[in-house]
Amino acid sequence: MATGFTTERVLSVQHWSDRLFSIVCTRDSGFRFQNGQFVMMGLEVEGRPLMRAYSMASANYDDTLEFYSIKLQDGPLTSRLQKVAPGDSLLVGTKAVGTLTVANLRPGKHLWMLATGTGLAPFLSMVKDPETYERFEHVTVVHGCRHIADLSFSKFFEEQLPNDPYLGELVQGKLTYHPTVTREPFRNQGRITDLLRSKPLSPEHDRVVICGSHEMIKETAAILEAGGFQEGDSHERGDFLIEKAFVSR
């Protein structure tokens, strides 16, 4: 077995749709991460680790780890990963990295989390972090998907989080969830980039974190930069952050 990984046990698997699923597994007691970061995760295939970068959808204080994934029938990893069941083994890297953390943002009033598809994962971690609400007066999560069935965590945002015994009070006054769909009728329709163009944000007060497809990240970053926003990273705080490590999975 290669070093740099721990073997974790699958505890549960949720198949949200024919395209999306999430996995909850055990967490090594020595594994540390900041909310919004990612790690290499995968399976042992023919005696070798087959790994991809996955953001933690769980919070850094949780006893377990959760990962949110797309199902690609011809994907070397996801074609196998979607078939795991409770009791099976996963490989999880020992080092978490990534730029999508509130620590890498300049102070501001309103935090916008813009995600398409499984790009929602790091924001699921960040909305469970009390520090997110201490740093910002308001937090808006925009989740763009093709179909209503792809809005996997709508119940989490609309019911579970506002009623959480620890975070509920913080969340109710500060968090807005805005799901939007592009390919069928829904209460919110259209692409995130169209929304940004119709409602320009202000670099003075707004801060933005972006995760999703390569095209969406590139287009969204260009809109923000044209509006005077400066990109940040782990070396220098900025007005917006993108995760360059995996822009499409």
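Residues numbered from 1 in each chain as written. Predicted model: local features only at pLDDT ≥ 70, side-chain atom pairs only at ≥ 80, totals over all residues. Heavy atoms only, no water.

1. Quick notes on the overall build of the protein chain
Turning to step 1, where the next piece is worked out: Secondary structure assignment for the protein chain yields 7 helices and 11 strands.
Turning to step 2, where the next piece is worked out: Taken against the 2.2 N^0.38 rule, which gives 18 Å for 249 residues, the C-alpha radius of gyration of the protein chain at 18 Å falls within 12% of a compact globule.
Turning to step 3, where the next piece is worked out: For the protein chain, the spread of C-alpha atoms along the three principal axes comes to 50 × 40 × 35 Å.
Turning to step 4, where the next piece is worked out: Every one of the 249 residues in the protein chain was classed for burial, and the buried ones make up 53%. (Helix = DSSP H or I, 4+ residues; strand = E, 2+ residues; numbered from the N terminus. Rg over C-alpha atoms; globule rule 2.2 N^0.38 Å. Buried < 20%, exposed > 50% of the residue type's maximum accessible area, 1.4 Å probe, protein only.)

2. Focus on the side chain of N188
Turning to step 1, where the next piece is worked out: Along the chain, N188 turns up in the loop between β9 (175-181) and α6 (192-198).
Turning to step 2, where the next piece is worked out: Among residues more than four places away in sequence, those in contact with N188 are H178, P179, T180 and V181. (Contact = heavy atoms within 4.5 Å.)

3. Topic: the pairing of strand β7 (residues 110-116)
Turning to step 1, where the next piece is worked out: The buried fraction of β7 is high, at 7 of 7 residues.
Turning to step 2, where the next piece is worked out: Where β7 lies against strand β10 (residues 206-211), 6 bridges are found, and the strand directions are parallel. Bridge assignment links W112 to a residue of β10, and that residue is V208. (Pairing = 2+ DSSP bridges.)

4. Brief notes about the domain arrangement of the protein chain
Turning to step 1, where the next piece is worked out: Split by domain assignment, the protein chain resolves into domain 1 (5-97) and domain 2 (102-244).
Turning to step 2, where the next piece is worked out: Here the C-alpha centre of domain 2 lies 23 Å away from the C-alpha centre of domain 1.
Turning to step 3, where the next piece is worked out: With 20 residues of domain 1 at the interface, the matching set in domain 2 holds 20 residues.
Turning to step 4, where the next piece is worked out: Of the roughly 1,600 Å² buried between domain 1 and domain 2, counting both surfaces, carbon and sulfur atoms make up 57%.
Turning to step 5, where the next piece is worked out: When the buried area of domain 1 at its contact with domain 2 is split by residue, W16, N35 and Y68 rank highest and sum to 35% of it.
Turning to step 6, where the next piece is worked out: Between domain 1 and domain 2 we count 1 salt bridge in total.
Turning to step 7, where the next piece is worked out: There are 8 residue pairs in polar contact (both at pLDDT 80 or more) connecting domain 1 and domain 2. (Domains from an automatic or database assignment. Buried area = accessible area lost by both parts, 1.4 Å probe. Salt bridge = Lys/Arg side-chain N within 4 Å of Asp/Glu carboxyl O. Polar contact = N/O pair within 3.5 Å; in protein donor to acceptor, adjacent residues only side chain to side chain.)

5. Concerning the packing of aromatic side chains
Ring pairs (aromatic) are described by centroid distance and by the angle formed between their planes.
Turning to step 1, where the next piece is worked out: One pass over the full model with this rule turns up 7 aromatic pairs.
Turning to step 2, where the next piece is worked out: Here the aromatic rings of F153 and F156 are separated by 6.4 Å at their centres, their planes lie at 90°, and the arrangement is edge-to-face.
Turning to step 3, where the next piece is worked out: Using a relative accessible area of 12% as the deciding quantity, one classes F156 as buried.
Turning to step 4, where the next piece is worked out: For the pair F157 and Y177, a centre-to-centre distance of 4.6 Å together with 5° between the ring planes defines the contact as stacked. On the criterion of sequence distance, the pair formed by F157 in helix α4 (residues 154-160) and Y177 in strand β9 is long-range, its members being 20 residues apart. Of the two residues, F157 and Y177, both sit in the buried class.
Turning to step 5, where the next piece is worked out: Ring-pair connections join several aromatic residues into one group, and the members of that group are W16, Y68, F153, F156, F157 and Y177. (Phe/Tyr/Trp six-rings, centres within 6.5 Å; stacked < 30°, edge-to-face > 60°.)

6. A few points about the UniProt feature "domain: FAD-binding FR-type" (unreviewed entry) in the protein chain
Turning to step 1, where the next piece is worked out: Listed under "domain: FAD-binding FR-type" (unreviewed entry) in the UniProt record, and renumbered for this structure, are residues 3-114.
Turning to step 2, where the next piece is worked out: Helix makes up 4% of residues 3-114 and strand makes up 46%, while its end C-alpha atoms are separated by 35 Å. (UniProt positions renumbered as here; feature names shortened; annotations may be inferred.)

7. Some details on the pattern of salt bridges
Turning to step 1, where the next piece is worked out: If you walk through the whole model with that rule in mind, you get 8 salt bridges.
Turning to step 2, where the next piece is worked out: With its nearest N and O atoms 4.0 Å apart, the salt bridge here joins D194 to R191.
Turning to step 3, where the next piece is worked out: Looking at D194, the relative accessible area reads 38%, which means it is partly exposed.
Turning to step 4, where the next piece is worked out: For E219, the salt bridge identified is with R191, shortest N-O distance 3.0 Å. With E219 in helix α7 (residues 214-226) and R191 in the loop between β9 and α6, this residue pair connects regions lying 28 residues apart in the sequence.
Turning to step 5, where the next piece is worked out: Judged by its relative accessible area of 43%, R191 is partly exposed.

8. A short note on the environment of E231
Turning to step 1, where the next piece is worked out: In this fold, E231 is placed in the loop between α7 and β11 (240-242).
Turning to step 2, where the next piece is worked out: For E231, a relative accessible area of 31% gives the class partly exposed.
Turning to step 3, where the next piece is worked out: Residues E231 and T176 lie 55 residues apart in sequence; the distance between their C-alpha atoms is 24 Å.
Turning to step 4, where the next piece is worked out: Every residue in contact with E231, bar those within four places of it in the chain, is listed here: E225, G238, F240, I242 and K244.

9. Considerations on the state of the cysteines
Turning to step 1, where the next piece is worked out: In the structure shown here, the tally under the stated rule is 0 disulfides.
Turning to step 2, where the next piece is worked out: No disulfide involves C145; its sulfur sits 13 Å from the nearest other cysteine sulfur, which is in C211.
Turning to step 3, where the next piece is worked out: According to the relative accessible area criterion, C145 is buried, its value standing at 8%. (Disulfide = S-S within 2.5 Å.)

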